[in-house]
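Observations on the model geometry
Single-letter residue listing:
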Amino acid sequence: MAAAASEKKTETEVAAKAKANELGQIPVIMYHRIIKNPPPGDDRTPEQFRAELERLAKEDYVPITAAEYVTGKIGIPAGKHPVVLTFDDSSPSQLTLDGMGNPKPDTAVGILMDVAKKHPGFRPVATFYVIRDLFGMAKPEEQTQVLEWLKDHGFDIGNHTRDHLNLLGKPEKEVEEQIGAGQKLVTSLIKFSPVTLALPYGNQPHDKKWAMKGSGAGASYDFRGVFLAGYTPAPSPYTKDFDPVGIPRIRSKEKVGDCVKFCSTAWLDWLNANATDRFTSDGNASTVAFPKFKAPFVAAPYATRALPY
Ligand SMILES: [Zn+2]
């Protein structure tokens, strides 16, 4: 009893010292292609992508995957902030392997691995929301190579449906067929089942629950989280605000147009300026630490792990 009490006291002191706030917000950044001379829109250049990763590393962010985020497995050091890097549409600019099975240096994965090497502790992990065009690979054997490489290197693979149709207004059967077929794209090639979905164009179907659980095209799915395409940081999975049926993401872009407020540069500035609203880890994955004042917001499934200070 006395030992347990003193252990609790130490945990509390560590959390307070780290200014832990595991009920704070988490940026989930959405990337598309990483290419030279991108057209106007969501694509980024290799230089822009590298600069954003460098910024995240300098500002004490540590990448976690979408699967880790939705299941509340956030094991990062004390004082660090989680960030979820997500890549949509499985383009070759995100990952292309050379003849030896190494990522080409100017791809998203090549750049992420390089930045991680220069910043020890910056985990090279991300989630890839894949569609039928699997990284530009035509043969099933080549598609298997790329998916297997991602899995073997600790990357997460998510479902982005097979054909990337807008699900808004589509009948239930078609919605479930698109998502089921997206699941099969992955499970037919490697031993891995996506645990999250990103909706094409961020558009939810008529009943948003259709995207969460269902079956179609000979596959069933029961996701732990469904991601949208805008416009704010995401709530901690440990708060009552967390809604797995519609999780917001942030477009990667500098402060221009509507991105003056709603894209990655603006939100990273905002999270810096509002540090008490940001998720900060206590370094202990088995507790959910936060300033006592925030206690009413702890989600019921995590109440037994709560560590208020
Ligand atoms: Zn997409």
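Because the structure is a prediction, the values reported are computed rather than measured.

**So, the overall build of the chain**
Helix and strand content of the chain: eight helices and twelve strands. Relative to its length of 309 residues, the chain is compact, with a C-alpha radius of gyration of 20 Å against a globular reference of 19 Å. Dimensions of the chain, computed from the C-alpha atoms along their principal axes, are close to 60 × 40 × 40 Å. Across the 309 residues in the chain, those meeting the buried criterion constitute 53%. The long-range fraction of contacts in the chain, counting pairs at least 24 apart against all pairs at least 6 apart in sequence, stands at 67%. Looking at the chain as shown, the accessible area adds up to about 13,800 Å², and 57% of this sits on carbon and sulfur atoms. Measuring between centres, the 38 positive side-chain charges of the chain sit 3 Å from its 37 negative side-chain charges.

**A few points about the pairing of strand β5 (residues 156–159)**
Of the two faces of β5, the one carrying Asp156 and Gly158 and the one carrying Ile157 and Asn159 are both buried. As for the winding sense of the linkage, the β-α-β connection from strand β4 (residues 127–130) through helix α5 (residues 140–152) to β5 is right-handed.

**Focus: the nonpolar core**
The nonpolar side chains of a soluble globular protein tend to be buried with one another. Ranked by size, the top nonpolar core spans 35 residues in total, and within it Leu53, Leu56, Leu85, Phe128 and Phe135 carry the most contacts. Listed by contribution, the elements that provide at least two residues to this core are β1 (28–31), α2 (46–58), β3 (81–88), α4 (108–118), β4, α5 and α8 (264–273). Looking at which element gives the most residues to this core, the answer is α4, with five residues. In this view, Leu53 contacts Leu85, Ile111, Leu112, Val115 and Phe122; residues no more than four positions away in its chain are not counted. In terms of nonpolar packing, the next biggest core, distinct from the first, is built from 25 residues, Ile64, Val84, Val288 and Val298 among them.

**Describing the coordination of the zinc ion**
Each donor-metal-donor angle would ideally measure 109.5 degrees in four-coordinate tetrahedral geometry, or 90 or 180 degrees in six-coordinate octahedral geometry. Protein coordination at the zinc ion comes from Asp89 (OD), His160 (NE2) and His164 (NE2), with a distance range of 2.1 Å. Taken in sequence order, the residues that donate to the zinc ion follow the motif D-x70-H-x3-H. Residue class for His160 comes out buried when judged on its relative accessible area of 1%.

**Description of the UniProt feature "domain: NodB homology" (unreviewed entry) in the chain**
Look at the UniProt record and you will see "domain: NodB homology" (unreviewed entry) annotated at residues 91–309. The span residues 91–309 carries 25% helix and 14% strand; its end-to-end C-alpha distance comes to 45 Å.

**Overview of the state of the cysteines**
Within this structure, the stated rule accounts for one disulfide. Sulfur-sulfur distance for the disulfide between Cys259 and Cys263 comes to 2.1 Å. Residues Cys259 and Cys263 are joined by a disulfide whose S-S torsion is about -55°; by sign, that bridge is left-handed. As far as burial versus exposure is concerned, Cys259 and Cys263 are alike and both buried.

**Side note on the pattern of salt bridges**
This structure, assessed with the given rule, holds 18 salt bridges. A salt bridge links Asp42 to Arg251; the shortest N-O distance between them is 3.0 Å. Taken as a pair, Asp42 in the loop between β1 and α2 and Arg251 in strand β10 (residues 250–251) lie far apart in primary sequence, 209 residues in all. Residue Arg251 is classed as buried on the basis of its relative accessible area of 17%. Close ionic contact of Arg249 with Asp88 constitutes a salt bridge, the shortest N to O distance being 2.9 Å. With Arg249 in the loop between β9 (225–227) and β10 and Asp88 in strand β3, the pair connects residues that are 161 residues apart, well separated along the chain. In this pair, the class of Arg249 matches that of Asp88, namely buried. Overlapping salt bridges, with partners in common, bring together Arg55, Glu59, Lys255 and Asp269 in one network.

Each value, and the rule that gives it
Residues numbered from 1 in each chain as written. Predicted model: local features only at pLDDT ≥ 70, side-chain atom pairs only at ≥ 80, totals over all residues. Heavy atoms only, no water. Helix = DSSP H or I, 4+ residues; strand = E, 2+ residues; numbered from the N terminus. Rg over C-alpha atoms; globule rule 2.2 N^0.38 Å. Buried < 20%, exposed > 50% of the residue type's maximum accessible area, 1.4 Å probe, protein only. Contact = heavy atoms within 4.5 Å. Areas by Shrake-Rupley, 256 points an atom, 1.4 Å probe, with all protein chains shown as cover. Lys, Arg positive; Asp, Glu negative; His and termini not counted. Charge placed at Lys NZ, Arg CZ, Asp CG, Glu CD. Right-handed = clockwise from strand over helix to strand, strands pointing away. Core = buried A, V, L, I, M, F, W, Y, C linked by side-chain atoms within 4.5 Å. Donors = N, O, S within 2.8 Å, 3.2 Å for Na, K, Ca; no water. UniProt positions renumbered as here; feature names shortened; annotations may be inferred. Disulfide = S-S within 2.5 Å. Salt bridge = Lys/Arg side-chain N within 4 Å of Asp/Glu carboxyl O.

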